[in-house]
Amino acid sequence: MNRFFLFLFLLFAFHIQGQAQQKLTLVLPSKSPERVSFGAEKLQQKLRSAGYQVTLVRKDQLKADPSQIRIGIAGDVLVQSITEKSGKEGFVLHKEKGQPWFIKGSDASGALYGCLELASRLQPKLPETLHLTDQPEMVLRGTCIGIQKPYYLPGRTVYEYPYTPETFPWFYDKELWIQYLDMMVENRYNSLYLWNGHPFASLVKLKEYPYAVEVDDATFKKNEEMFRFLTQEADKRGIWVIQMFYNILLSKPFAEKHNLKTQDRERPIMPLMSDYTRKSIAAFVAKYPNVGLLITLGEAMEGVGQDDVDWFTKTIIPGVQDGLKTIGQKTEPPIVLRAHDTDAPRVMKSALPLYKNLYTMAKFNGEALTTYTPRGKWAELHRTLSNIGTVHIENVHILANLEPFRYGSADFVQKSVQAMHNVYGANGLHLYPQASYWDWPYAADATPKRLLQVDRDWIWYQTWARYAWKANRDRAGEVTYWGNELARKYGLPLEKGKAVLEAYEQTGEISPKLLRRYGITDGNRQTLTLGMLMTQLINPWRYGLFTLLYESEAPEGEMIIEYAEKEAKQEKHIGETPIWVAEEVVEHGRNAVRAIDEATPAVTKDQEEFKRLRNDVYAQNAMAQFYADKARAAVAVLRYKYSGKVEDLEKALPLLKSSVAHYAELTKLTKDTYLYANSMQTAQRKIPMRGVNATYKNWYEMLPVFEKELQTFERKIDSLKAHTGVAAQQRMAFKPATVQLTNASYFPVQAGESIYADTLAKIVALTPELKDLKGLKMSKKQQQSERTTLTFRADKPVKLLVGFYNEKNPAYLRAPELETDASANDYGQAEIKISNAIQIEGFPPVHVHAFTFAPGNHTLHLGRGQCVLLGFAEGAQEIPVFDGGLAGNQKNIDWLFE
């Protein structure tokens, strides 16, 4: 018996030795593109690590040998015997017994990907035969990195971040870039987007405007070196670098030199601004002709209008063309037009006759991940852009509802990519980091050494890349594929790897369902994982409800307020309901916990990371239960709105108590494991609480808020039971303030008064708090044709109260909206102070916003469109947030929680 085992041992040893000594020759053409050489080097490294002896030679012709791996692109002599063809970036792997290996790329990227594909098939040695032809479905498969921060720099505002070692030390870390670019090429991403408000003043110098540069000479040289390094390293991996910027945004020294603001959405296009921007783009293109540009026309300039068309066709495109002319290049670098806060089809119609190499881009689910069944007006926009004839790119943007927890639902991602093709007609992917976009390169986990997003969120990048390459893959095969990937990562048997996948896919449904049924907005001004206030659930209109979330970025269904109204009227429910979602997310949470616990005892590798993943699963389970009970409580509270029965409120109380208990558990799970919930930590964040100076970014900060909300509700119930007919707290009328304003015409803000100088429209009703103010009587016609501008002086702090009509109509001035306008809170005006505050003959209900000003001289540009200027109030007086109840709706019940 001992001799037999010795024989087996020697046989195995000889087998291993034979494999270790097996020789292979990688053969490349004498002249081959750098991408092909890079792919061959990667393959060589993999083969050597698998025990092969590998040499690399460059010859155009040589005698066939089965130990050869011939690498080339279509037309190369080395691979001309392979007749199979593949599309752009595609490849053919061909191996017959006794014959050489062939890797034939349709182009340099295809040969590169062919090398990577063959390297992935070492299990642990090369198969004896193989016939494979493959190519990507999506033309562009890209990721993005924000060269931005969670906070504003001193003296600056949103998006204004010069490229400096002090602000972005990671930008100058070449090893980190190599790690990230290697991740990209391994996943076959072919585009990298760099997001920054105004990068030009960090990367180019203009002889006409030498003072516009925002960095010192030493930093400028470092930026030049890093940008060249990055673009060169990306190119050899088949990755196209694309620089994004906003419009109109000026460098700070340029703006100060000319007494301008760096950003002012409502100002008209000035020749000076156009010339500066055009020359900046020209200099950038001349310096980096192979770098693409991603343009955001809206947000920092007045959106949707002729200005957008003019800026794109008379400033941006001519700037690119100027740069090409300077260097004598005729090949147009690609320009991507982002369909954000602009009429992209109109802009493209005017631009295509001038410039051909154009792409379009739009957000897939807003700034979140909510559904793989998009519909409505947003879907129509995507289809319109896809049908233009250029490539349309889907932007998986911000992911505000997912952060900070890990996300790896292959099923949800696959269905989302399929929807990009089938519903939107798109053929490109632009992928944001899964969490902590504003805090790149770090994740939010509280660990002794900060985790890198590229490491922590490996499965995020891998899932989207896999389905961008090929979306329609067999579900059973995918479960096995991802089960194996997770099994390898955590040292598990396959079945336990599948259990981890199940946990990912169960939690992967929780945040999308919660936001699309209970949320206020699809933007990063709402941090879903921090919860929501009761008033936000029972009166979302008060918080600036973004209806596109429900109309296009969710399956057909009902909001909580719609569900409650149908219940009261005994009407039939439609589609996905809030109560159904409450039941679903709780079940998802339970199933996820069960699955992750099933895998836990078998983990043998990367145990600390698995503990963090398991804690995420438990945290999302607690979050699901918190929301489910709070949504049920909201429905019960709204039932009281219609019935007037205190018993309905009493039914809500235990549910609200239970939700707070679940939130306490969520707080316990996150207190020592996360640094923050959301990476946007500025005043733009509004829900559940205003995030001023990085406050309310943790669950332990929100728990007292929810506990107080519960205590208030209990007291109000007791008060109602003791004193029938208790109503909302009475508020004081606002005290008017005096300002120096020339040529002003006023009207008393009272019922029966006309609000415009050229119409007879009168106030029908108003909330009493406004009754002492003096409104500014404007011309309706003039407001529609010109930007409303006020120039005034205030000796004391004041607040200007402005009424916005609650209807999307080109005739009406659009209310401040952070989803589309990053400057929408420059004066503290983004929040609706009094919703449904005024009724005016022939007009929709009016929401009141407050613009805050310090003492001094001011000029305010409000843009085109009708609004109601309700006058100035004393700045020291608090403007409470409430619903005036003048929208024809039934009684307001927000006071139950305030």
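Asks: I'm lost on the overall build of the protein chain in this one. Help?
Replies: Counting its secondary structure elements, the protein chain contains 25 helices and 24 strands. A compact globule built from 898 residues should have a C-alpha radius of gyration of about 29 Å, and the protein chain, at 30 Å, falls within 12% of that. Projected onto its principal axes, the C-alpha coordinates of the protein chain cover approximately 100 × 70 × 45 Å. Relative to its 898 residues, the protein chain shows a buried fraction of 60%.

Asks: Explain the nonpolar core here, please?
Replies: Soluble, globular proteins show a tendency: their nonpolar side chains are buried together. Phe171, Trp177, Leu192, Phe312 and Trp464 are the most contacted members of the largest nonpolar core, which totals 139 residues. Among the elements that take part in this core, helix α14 (residues 458–469) stands out by supplying 8 residues, more than any other. Beyond its immediate chain neighbours, meaning those up to four positions away, Phe312 contacts Ile295, Leu297, Ile317, Pro318, Ile335, Leu337, Val347, Ala351 and Leu358. Grouped together as the second largest cluster of nonpolar side chains are 70 residues, Leu530, Ile538, Met559 and Ala628 included.

Asks: What am I meant to see in α14 here?
Replies: Given 3.6 residues to a turn, an α-helix orients residues that are three or four positions apart in the same direction. Along its 12 residues, α14 runs 17 Å from first to last C-alpha, staying within 8% of the 16 Å computed at 1.5 Å per residue. A large share of α14 lies buried, amounting to 12 of its 12 residues. Of all the residues in α14, the buried ones are Trp458, Ile459, Trp460, Tyr461, Gln462, Thr463, Trp464, Ala465, Arg466, Tyr467, Ala468 and Trp469.

Asks: Hey, could you run me through helix α16 (residues 494–507) in this one?
Replies: Relative to the 20 Å expected for 14 residues at 1.5 Å per residue, α16 spans 20 Å between its end C-alpha atoms, a close match to the ideal helical length. Taken together, the buried positions of α16 are Gly497, Ala499, Val500, Leu501, Ala503, Tyr504, Glu505, Gln506 and Thr507. Looking at the packing, one finds that the buried side of α16 touches α12 (410–422), α14, α15 (475–490), α17 (510–518), α21 (578–599) and α22 (607–643).

Asks: Looking at this structure, I do not really get the environment of Leu486. What am I missing?
Replies: Counting through the fold element by element, Leu486 comes out in helix α15. On the basis of relative accessible area, Leu486 is assigned to the buried category, the value being 0%. Between the C-alpha atoms of Leu486 and Ala499, which are 13 residues apart in sequence, the distance is 9.2 Å. Not counting the four nearest positions on each side in its chain, Leu486 is found in contact with Trp458, Ile459, Leu492, Gly497, Val500, Leu501 and Tyr504.

Asks: How should the environment of Pro555 be read in this particular structure?
Replies: For Pro555, the position within the fold is in the loop between α19 (548–551) and α20 (560–569). Expressed as a C-alpha distance, the spacing of Pro555 and Arg516, which sit 39 residues apart in the sequence, is 8.3 Å. Those residues in contact with Pro555, other than ones at most four positions away along the chain, are Thr371, Thr373, Arg375, Arg516, Arg517 and Glu576.

Asks: Help me out: how do you make sense of the side chain of Glu117 in this one?
Replies: Turning to its location among the elements, Glu117 is positioned in helix α3 (residues 108–120). Among the residues examined, Glu117 registers a relative accessible area of 12% and is labelled buried. Polar contacts involving the side chain of Glu117 include one to the side chain of Arg188, which spans 2.3 Å. Apart from residues no more than four positions distant in its own chain, Glu117 is found in contact with Phe91, Leu93, Leu132 and Arg188.

Asks: Is there a simple way to explain the sheet that holds strand β4 (residues 91–95) in this structure?
Replies: Backbone-to-backbone hydrogen bonds join strands into a sheet, with any given pair of strands oriented parallel or antiparallel. Taken in spatial order, the 6 strands of this open sheet run β2-β1-β3-β5-β4-β6, and their pairing is mixed. On the outer flanks of this sheet lie β2 (53–58) and β6 (130–134), each paired with one strand and no other. Averaged over all adjacent pairs, the angle separating strand axes in this sheet is 15°, with direction ignored. The pairing of strand β1 (residues 23–28) with β2 spans 6 bridges and is classified as parallel. Pairing of Leu24 across the sheet is with Val54, part of β2. Against the sheet, helix α2 (residues 34–49) makes contact with β1, β2, β3 (68–73) and β5 (101–105), and its axis sits at roughly 175° relative to β1, the strand it touches most.

Asks: What is the right way to look at the pairing of strand β21 (residues 846–853) in this model?
Replies: Consecutive residues of a regular strand have side chains that alternate between opposite faces of the sheet. Counting buried residues along β21, 7 of its 8 residues qualify, which places the element largely inside the surrounding structure. Taken together, the 8 bridges between strand β19 (residues 798–805) and β21 define a ladder with antiparallel strand orientation. Bridge pairing in β21 links Val802 to His849. Between strand β20 (residues 834–840) and the antiparallel strand that follows it, β21, lie 5 residues; Gly842 among them carries a positive phi value of about 75°.

Asks: Sorry, what's going on with the packing of aromatic side chains here?
Replies: Think of a pair of aromatic rings as described by two things: how far the centres are apart, and how the planes are tilted against each other in angle. Evaluation of the coordinates by the stated rule reveals 50 aromatic pairs. Note on Trp195 and Tyr432: the rings are 5.3 Å apart at their centroids and 70° apart in plane angle, and the pair reads as edge-to-face. Of this pair, Trp195 sits in strand β8 (residues 191–195) while Tyr432 sits in the loop between β14 (428–431) and α13 (453–456), placing them 237 residues apart in sequence. Judged by relative accessible area, Trp195 falls into the buried class, the value being 0%. Relative accessible area serves as the criterion here: at 1%, Tyr432 is assigned to the buried category.

Asks: What's the story with the packing of α20 against α22 in this structure? I'm lost.
Replies: A packed helix pair is summarised by two numbers, namely the angle formed by the two axes and the spacing between the axes. It is at 9 Å that the axes of α20 and α22 come closest, and there the two elements cross at 50°. Between α20 and α22, the interaxial angle falls into the category oblique. Here the hand of the crossing between α20 and α22 comes out right-handed. In this structure, α20 uses Ile560, Ile561, Tyr563, Ala564, Glu565 and Ala568 to contact α22, whose residues at the interface are Ala631, Ala634, Val635, Leu638 and Tyr642. The residue makeup of the contact of α20 with α22, split by class, is 10 nonpolar, no polar and 1 charged.

Asks: What should I look at first to understand the side chain of His340 in this one?
Replies: With respect to the element layout, His340 can be found in the loop between β11 (335–338) and α10 (344–351). For His340, a relative accessible area of 6% corresponds to the buried category. Of note is the side chain of His340, whose polar atom sits 3.5 Å from the side chain of Lys363.

Asks: What is the right way to look at unusual backbone geometry in this model?
Replies: Note: most residues except glycine have negative phi, and most peptide bonds are trans. The peptide bond linking Gln123 to Pro124 adopts the cis configuration, its omega dihedral lying at -5°. As for its position among the elements, Pro124 is in the loop between α3 and β6. Cis geometry marks the peptide bond from Ile687 to Pro688; its omega dihedral reads 10°. For Pro688, the location among the structural elements is in the loop between α23 (646–670) and α24 (699–722). The phi dihedral of Leu399 falls on the positive side, at around 60°, and the residue is not glycine. Looking at where Leu399 falls in the secondary structure, it is placed in the loop between β13 (392–396) and α12. The backbone of Asn836 shows a phi angle near 50°, a positive value even though the residue is not glycine. With respect to the helices, strands and loops of the structure, Asn836 is situated in strand β20. Judged by its relative accessible area of 6%, Asn836 falls in the buried class.

About the thresholds
- All residue numbers refer to position in the chain's written sequence, counted from 1.
- A pLDDT threshold of at least 70 governs which residues receive local features in this predicted model, and a stricter bar of 80 or more applies before side-chain atom pairs are shown or counted, although totals over entire chains, interfaces and linings include all residues.
- Side-chain metrics rest on all non-hydrogen atoms present in the structure, leaving aside hydrogens and water.
- Working definition: helices are DSSP H or I runs of at least four residues, strands are E runs of at least two. Numbering for both runs from the N terminus.
- A radius of gyration in this sense is built from C-alpha atoms; the matching globule rule multiplies 2.2 Å by the number of residues raised to 0.38.
- Here's how the labels work: a residue is buried when its accessible area is under 20% of the maximum for its type, exposed when over 50%, partly exposed in between, all with a 1.4 Å probe on protein chains only.
- The set of buried Ala, Val, Leu, Ile, Met, Phe, Trp, Tyr and Cys residues whose side-chain atoms join them within 4.5 Å is what this entry labels a nonpolar core.
- Contact criterion: two residues are considered in contact whenever any of their non-hydrogen atoms come within 4.5 Å of each other.
- Expected span, for any helix, means 1.5 Å times one less than how many residues it has.
- Each polar contact in these results corresponds to two N or O atoms within 3.5 Å; when the atoms are within protein, one needs to be able to donate a hydrogen and the other to accept it, and residues that are neighboring in sequence are counted only if both atoms are side-chain atoms.
- For two strands to be treated as a pair, DSSP must find no fewer than two bridges joining them.
- Inter-axis angles, ranging from 0 to 180 degrees, are taken between N-to-C directions of lines fitted to C-alpha atoms, where helices are fitted over the stretch in contact.
- The aromatic pairing rule takes the rings of Phe, Tyr and Trp, using the six-membered ring of Trp, and pairs them if the centres are within 6.5 Å, calling planes under 30 degrees apart stacked, those over 60 edge-to-face and the rest tilted.
- Throughout, the term roughly parallel applies to angles under 35 degrees, roughly antiparallel to angles over 145, roughly perpendicular to angles from 65 to 115, and oblique to all others.
- Crossing handedness is read from the near helix: turned anticlockwise from the far helix by less than a right angle, it gives a left-handed crossing, and turned clockwise, a right-handed one.
- Here the nonpolar group is Ala, Val, Leu, Ile, Met, Phe, Trp, Tyr, Cys and Pro; Asp, Glu, Lys and Arg are the charged ones; every other residue, Gly included, is treated as polar.

From the geometry alone we can't say anything about function, so treat these as descriptive.
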